[in-house]
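# Observations on chain architecture
The primary structure of each chain is shown beneath.
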Amino acid sequence: MKKFWKVFFVMVMVVALAACGVAPVSEKEVEVKKVEQESEAIHEESEIKQDMASENIIIKTSPDKYTWYIKNYVGKNCASLGYVSMGGDRLDHYGAGVLELVFVTADGTYIDIGSEDALKEYTVIGQSLSPNTELKLVFEKDSEGNEYDSLVATQNYQEIVLNVKKVGAEDEPANLTVINPSPDKYTWYVSDYVGRNLMHCGYISLGGDLMDRYGAAVIKFIIVAEDGSYVDPSDENALKSYVVTAQNVAPNSEMKLVFDKDSSGVEYDNLVESQNIEEIELYVKKLDGVQSDVLMQKEEVTSLEKIVLEETKADTDSEQFVDGMRPEFKEAMDSYEAFYVEYYDMMKKYNNNPTDLSILAEYSELMEKAIEVDEKFAEWDEGEMNDAELKYYLEVTGRISQMAYEVLQ
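Rules and cut-offs
- Residues numbered from 1 in each chain as written.
- Predicted model: local features only at pLDDT ≥ 70, side-chain atom pairs only at ≥ 80, totals over all residues.
- Heavy atoms only, no water.
- Pairing = 2+ DSSP bridges.
- Helix = DSSP H or I, 4+ residues; strand = E, 2+ residues; numbered from the N terminus.
- Axes fitted to C-alpha atoms, helices over the stretch in contact; angles between N-to-C directions.
- Salt bridge = Lys/Arg side-chain N within 4 Å of Asp/Glu carboxyl O.
- Buried < 20%, exposed > 50% of the residue type's maximum accessible area, 1.4 Å probe, protein only.
- Core = buried A, V, L, I, M, F, W, Y, C linked by side-chain atoms within 4.5 Å.

### Re the sheet that holds strand β1 (residues 67–69)
Read from one edge to the other, the open sheet built from 3 strands follows the order β1-β6-β7, with strand pairing classed as antiparallel. Unpaired on one side and paired on the other, β1 and β7 (147–155) mark the two borders of the sheet. Across the sheet, the mean angle separating the axes of adjacent strands is 45° when strand polarity is ignored.

### A short note on the pattern of salt bridges
Taken as a whole and assessed by the stated rule, the structure comprises 13 salt bridges. Measuring nitrogen to oxygen at the nearest pair gives 2.8 Å for the salt bridge that ties Lys165 to Asp171. Looking at Asp171, the relative accessible area reads 49%, which means it is partly exposed. Among the ionic contacts, a cluster of salt bridges with common partners joins Lys65, Glu147 and Asp149.

### Examining the pairing of strand β5 (residues 122–127)
For a regular strand, side chains alternate in direction, first toward one face of the sheet and then toward the other. Taking burial as the measure, the 6 residues of β5 include 6 buried ones, the bulk of the element. For β5 and strand β8 (residues 159–166), the ladder comprises 5 bridges, and the chain directions are antiparallel. Among the inter-strand pairings, Gly126 is bridged to a residue of β8, identified as Asn163.

### What about the nonpolar core?
Most often, soluble globular proteins have nonpolar side chains that are buried together. Counting residues in hydrophobic clusters, the biggest one holds 29 residues, and the most contacted among them are Phe329, Phe339, Tyr340, Tyr343, Tyr344, Met346 and Ile400. Looking at this core, the elements that each hand over two or more residues are β7, β15 (267–275), α6 (327–352), α7 (358–379) and α8 (387–408). Of the residues forming this core, the biggest block, 10 residues, is contributed by α6. Membership of the second largest hydrophobic core comes to 28 residues, among which are Tyr193, Ile219, Ile223 and Leu239.

Pasting the structure below:
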């Protein structure tokens, strides 16, 4: 389901991307080596911060809704950290803001962030941002310029990378790059994807591309396998089998955004006109074949066991279900569909009158409802869908797709 939930975050208004300058094909190898050299100094700083994170540190108290401090995750079991969002990410709350948790092992093994059982097998041994690093939030405003209390427009960090190991295993520290904080909505810094499992790099878009967000902008990944084989960016199982070994845009490269303006010359907060980096090439290698095959077989067995257990539960506890579905699941799906009915009504208004500023206020209200929808998805069990739930899921997503088609015509 992860791929579909990502649609919400990608389809908010229209992101207008402009062409950017990345290294010419003939310079790829030179550029990759340059990136690797530039990363070494950053990794040294990261090692120092990891040592700091291993200490027993008291986290500062937030003085207001704008400033929060990064927690100390070292030593904690991964299953105890954050929650899985509607979009399929592992997130942690910081006031009204959220920080994505990215798990990285020494060998780039894939970790199912939606499985509590899988996460229980891992513990954190390092983090890319030191405890007590300042997380700064900027809030959305209504049409009268008043700040919302719970709608975050931007924050200086979007993610924290956590180096993890199997519980009881020896520490295998991974290089964690300290990414510069974003000073405003116009400037962002490229993440370090080296060492990550390919499935833990961004998300799969509605169009089947592997992408990542940078504030209001998105970048597209071009996957280059070391043996020249094709890696389907829309195939989750394929992505899980690869680890990133290099990237052609150095970590901490500055990414500049230019925003669209309305007829009065006022900038939109989330409509990007152009950006200087549009694509990043990720160079990948396949994980050890035996380990990868065993991992997939284990996931298949686990999924089969879950299906059997759910079918058994459905037979013995049918009175607890609504039309064969878990009540929490149906409520979440109904809320999801209701949200999109409002969302596409707003899009129709925008298409008919793109200069109507009142639509921005309606958009902000919808974002509040999006938080409620997200919470409903967090409440229902993350296990596999049973037959009735899968049927209803397909019906709802089909209706939403039809609404999207009508709006985009």
